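Structural characterization, general
Below, each chain spelled out in residue letters.
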Amino acid sequence: SANIGKEVAKDLGFEPPTQELVKMGLMLGMDLNGRAQTRQYAGNLIQRAEDMVRPGIMMDARHITHRLNQIETQLSRGGASPQTTRALSAIHDVRDRIENGQIEVKDLMSFRKRLNDVVATGGGFDVPGAAKPGWTRNLQAVKNRIVGSVDRELRRTNPEAANLWREGNQAFSVFARSS
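Quick caveat: nothing in here was measured; it's all calculated off a predicted structure.

With respect to unusual backbone geometry
One non-glycine residue with positive phi stands out, namely N100, at about 55°. Tracing the chain through its elements places N100 in the loop between helix 4 (85-96) and strand 2 (102-104). On the basis of relative accessible area, N100 is assigned to the exposed category, the value being 80%.

What to know about the nonpolar core
Ranked by size, the top nonpolar core spans 36 residues in total, and within it V94, L108, M109, V142, I146, L154 and W165 carry the most contacts. Examining the composition of this core, we find that seven residues originate from one element, helix 6 (residues 134-157), more than from any other. Apart from the residues lying within four places of it in its own chain, the contact partners of M109 are A49, E50, V53, V150, L154 and W165.

Some words on the confidence of the model for the chain
Scored by pLDDT, the chain comes out at a mean of 83, with 79% of its residues at no less than 70. No element of the chain has a lower mean pLDDT than helix 1 (residues 2-11), which averages 73, and none a higher one than strand 2, which averages 97.

Parameters at a glance
- Residues numbered from 1 in each chain as written.
- Predicted model: local features only at pLDDT ≥ 70, side-chain atom pairs only at ≥ 80, totals over all residues.
- Heavy atoms only, no water.
- Helix = DSSP H or I, 4+ residues; strand = E, 2+ residues; numbered from the N terminus.
- Buried < 20%, exposed > 50% of the residue type's maximum accessible area, 1.4 Å probe, protein only.
- Core = buried A, V, L, I, M, F, W, Y, C linked by side-chain atoms within 4.5 Å.
- Contact = heavy atoms within 4.5 Å.
- pLDDT = per-residue confidence, 0-100.

Right, here's the structure in full:
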């Protein structure tokens, strides 16, 4: 499509530099549209998975507790810092939802979205991988543990929702890496 746009600009008598600008503008527009479609597709998959989980469905919290304890131990070394406080707070928020060794599956699913919102608000998706701020990487680590625990539970109890959940999170991952 971008090459066709360039040819149309040429046929209309535009100079070669303008033809290239038309081509680049069309390529950028198609890329942005593709990114928006990827994000929407991922969001739809996640939403469909969430819709398949009834409110009040509980899961054993030992797995997520163990995974979050590992991160907390690592992040707590050397005391709190601006790089660790958001992730440690998220870990505590998850723990606060655990009652009698159980946590609601929908609560964990909601934490994934909330952590993504925090990262997006702080501009964490706008920075390429290695240059991401430490707090973003730490929140991503917490989110990844949550996503993995939900996936593990859904594979056990609702394989169809598990497939949607996994595909949606993989699509979001591709979207985030392309930022």
